[in-house]
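Examination of the molecular architecture
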Amino acid sequence: EIKGMNQAQYDKKVSALVDRFTRQDCDIIAIQEILGKPGKGLEEGINLLVNRLAKEGRAYGFIYGDGEDRFMRVGYLYAKDIVTPVRINSYRRVELPRLLPNDRPRFYLRAPLEVEFAVRGERPKKIIVVNIHFKSQSGGMGDPVQLGWETVRMEMAEGLRRSLAQRYKDDFAVGKRPIIVV
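Residues numbered from 1 in each chain as written. Predicted model: local features only at pLDDT ≥ 70, side-chain atom pairs only at ≥ 80, totals over all residues. Heavy atoms only, no water.

The subject of this paragraph is the pattern of salt bridges. In the structure shown here, the tally under the stated rule is 11 salt bridges. In this structure, Glu116 and Arg87 form a salt bridge, with 3.2 Å as the shortest nitrogen-oxygen distance. Residue Glu116 is located in strand β5 (residues 113-119), and its partner Arg87 is located in strand β4 (residues 83-90); the two are separated by 29 residues in the primary sequence. The class of Glu116 is buried, set by a relative accessible area of 7%. Where Arg98 meets Glu95, a salt bridge forms, and the shortest distance between an N and an O atom there is 3.2 Å. (Salt bridge = Lys/Arg side-chain N within 4 Å of Asp/Glu carboxyl O. Helix = DSSP H or I, 4+ residues; strand = E, 2+ residues; numbered from the N terminus. Buried < 20%, exposed > 50% of the residue type's maximum accessible area, 1.4 Å probe, protein only.)

Spelled out as structure tokens, the structure:
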């Protein structure tokens, strides 16, 4: 049994996702709130989607990231016939900028996952996709500054902006590769 829903509700949700992905003919699917610890539990859930999509005629691979949140992460499903991940970068160890000089060092709770994909086709290209899921306002009692995690979200947004601006300075200047942030 899945917390908050029975098996029939869970199956209906999975079917709706598979239907949506199939109708849209998605090549890359950014997934947020992947629940579970790395290994059997987390991978079982993703493999369920991958196997259901395969029954619809398309083979997908998957990648998931890491972070300070032990039970929730971000990742991607990608259509193996169109795209191949060529470089994966986790932001897990990127220290967030401090908004106040006396703030203690912080890291991303749910680390952004950046993947460079090679896209096959008539005009092959490479694209960079960054999947980020900022901390929500839930669990506010754990917020170190009691602002519904707003300060932490601001630090995460600024940290991502700085990282991308530094890493892809030339790409931004000349429009070299598409960089997609979701």
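Don't stop here, the text continues.
Turning next to the sheet that holds strand β2 (residues 60-64). Pairing in this open sheet of 3 strands is antiparallel, and the strands run β1-β3-β2 from one edge to the other. Of all strands in the sheet, those bounded by a partner on one side alone are β1 (28-35) and β2. The sheet shows a mean angle of 25 degrees between the axes of neighbouring strands, direction not considered. As paired strands, β2 and strand β3 (residues 72-79) are joined by 5 bridges and run antiparallel to one another. (Pairing = 2+ DSSP bridges. Axes fitted to C-alpha atoms, helices over the stretch in contact; angles between N-to-C directions.)

Turning our eyes to something else, we now look at the environment of Leu17. You can see Leu17 is positioned in helix α1 (residues 7-24). A relative accessible area of 28% places Leu17 in the partly exposed class. A C-alpha to C-alpha distance of 9.9 Å links Leu17 and Arg52, two positions 35 residues apart in sequence.

Our next topic: the sheet that holds strand β7 (residues 179-181). Spatially, the 4 strands line up as an open sheet ordered β4-β5-β6-β7, and their pairing is mixed. Edge positions in the open sheet fall to β4 and β7, since each of these has one partner strand only. Looking at each pair of strands side by side, their axes are set apart by 20 degrees on average, direction ignored. Two strands pair when backbone bridges link them, and β5 and strand β6 (residues 125-131) are joined in this way by 7 bridges, in the antiparallel orientation. Looking at the pairing, Val119 lines up with Lys125 of β6.

Looking now at helix α3 (residues 150-167). Between its first and last C-alpha atoms α3 spans 26 Å; for 18 residues at 1.5 Å apiece the expected length is 26 Å, and the two agree. Turning to α3, its buried residues number three or more, namely Thr151, Val152, Arg153, Glu155, Met156, Gly159, Leu160, Ser163 and Leu164. Contact partners of the buried residues in α3: β5, β6, α4 (169-174) and β7. (Expected span 1.5 Å × (residues − 1). Contact = heavy atoms within 4.5 Å.)

For the coordinates displayed, the defined rule picks out 4 aromatic pairs. Between Phe62 and Tyr64, the aromatic rings sit 6.2 Å apart at their centres with planes inclined by 15 degrees, giving stacked as the arrangement. Residue Phe62 is classed as partly exposed on the basis of its relative accessible area of 25%. The structure contains a cluster of three or more aromatic residues connected by ring pairs, namely Tyr76, Tyr78 and Phe117. (Phe/Tyr/Trp six-rings, centres within 6.5 Å; stacked < 30°, edge-to-face > 60°.)

What follows covers a nonpolar patch on the surface. A contiguous nonpolar surface patch, about 280 Å² in accessible area, is contributed by Leu99, Leu100 and Met154. By the secondary structure assignment, Leu99 is in the loop between β4 and β5. (Patch = residues over 30% accessible without salt bridge, like charges linked within 9 Å, V, L, I, M, F, W, Y side chains within 5 Å. Areas by Shrake-Rupley, 256 points an atom, 1.4 Å probe, with all protein chains shown as cover.)

Bringing the environment of Val83 into the picture now. Among the structural elements, Val83 can be located in strand β4. What makes Val83 buried here is its relative accessible area of 2%. Distance from Val83 to Asp27, taken between C-alpha atoms, is 7.1 Å for residues 56 residues apart in sequence.

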